Amino acid sequence: MVVFSGDLGPKGAPILRDAECLHVAAHAVFLESTYGDHDHRPFEETVAEFRELLRAAVAGRGKILVPTFAVAAPS
């Protein structure tokens, strides 16, 4: 059996389901590895940094670019 996984991501993300364990034997597992061997920082720290970037952009009459992506609705 070959198993393919997407991003395991942080737990408790507001719009994504948490990863689930697969309880079967696999001959090979392919998974996303953007973050390699390090942990995500707490979500609250990311939100605080984003707020500060927004404040700085507004104060400096600047612009921000927010990369986004589509997420399918859970079935």
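Right above here is the structure, for reference.
These numbers were taken from a predicted model, which means no experiment stands behind them.

Chemist: Sorry, what's going on with the overall build of the protein chain here?
Modeler: When helices and strands are tallied, the protein chain shows one helix and two strands. Going residue by residue from the N terminus, the α and β elements of the protein chain occur as β-β-α. Looking at the protein chain as a whole, 3% of its 75 residues are labelled buried. Put simply, 61% of the contacts in the protein chain that link residues at least 6 apart link residues at least 24 apart. Approximately 7200 Å² of the protein chain is accessible, and the part contributed by carbon and sulfur atoms is 60%.

Chemist: I'm lost on the packing of aromatic side chains in this one. Help?
Modeler: Between two aromatic rings, the relevant description is the distance of the centres plus the angle of the planes. Enumeration over the complete set of coordinates arrives at one aromatic pair. Both rings, one in Phe4 and one in Phe30, keep their centres 5.1 Å apart while their planes meet at 10°; by these two values the pair is stacked. Taken together, the residues span a long stretch of sequence, with Phe4 in strand S1 (residues 2-4) and Phe30 in strand S2 (residues 28-30) at a distance of 26 residues. Classification of Phe4 as exposed rests on a relative accessible area of 66%. Using a relative accessible area of 47% as the deciding quantity, one classes Phe30 as partly exposed.

Chemist: Whenever I open this one, the pattern of salt bridges confuses me. Can you help?
Modeler: When charged atoms on two side chains of opposite charge get close, those side chains can pair. Under the counting rule described, the total for this entry stands at two salt bridges. With a shortest N-O distance of 2.3 Å, Glu49 and Arg41 are connected by a salt bridge. Residue Arg55 pairs with Glu52 through a salt bridge whose shortest N-O separation is 3.7 Å. Here the residue Arg55 and the residue Glu52 both occupy positions in helix H1 (residues 43-59), the gap between them amounting to three residues, near one helical turn.

Chemist: Help me understand H1 in this model?
Modeler: Since the α-helix packs 3.6 residues into each turn, any two residues three or four apart lie on the same face. Compared with an ideal rise of 1.5 Å per residue, which puts 17 residues at 24 Å, H1 spans 25 Å between its outermost C-alpha atoms and is within 8% of the ideal. Once H1 finishes, Arg61 follows within two positions and takes phi at roughly 50°, a positive value.

Chemist: Help me understand a nonpolar patch on the surface, please; the structure alone is not making it clear to me.
Modeler: Taken together, the side chains of Phe50, Leu54, Ile64 and Val66 define a hydrophobic patch exposed on the protein surface, amounting to about 320 Å² of accessible area. Looking at where Leu54 falls in the secondary structure, it is placed in helix H1. Assessed through its relative accessible area of 33%, Leu54 is described here as partly exposed.

Conventions and cut-offs
- Residues numbered from 1 in each chain as written.
- Predicted model: local features only at pLDDT ≥ 70, side-chain atom pairs only at ≥ 80, totals over all residues.
- Heavy atoms only, no water.
- Helix = DSSP H or I, 4+ residues; strand = E, 2+ residues; numbered from the N terminus.
- Buried < 20%, exposed > 50% of the residue type's maximum accessible area, 1.4 Å probe, protein only.
- Contact = heavy atoms within 4.5 Å.
- Areas by Shrake-Rupley, 256 points an atom, 1.4 Å probe, with all protein chains shown as cover.
- Phe/Tyr/Trp six-rings, centres within 6.5 Å; stacked < 30°, edge-to-face > 60°.
- Salt bridge = Lys/Arg side-chain N within 4 Å of Asp/Glu carboxyl O.
- Expected span 1.5 Å × (residues − 1).
- Patch = residues over 30% accessible without salt bridge, like charges linked within 9 Å, V, L, I, M, F, W, Y side chains within 5 Å.

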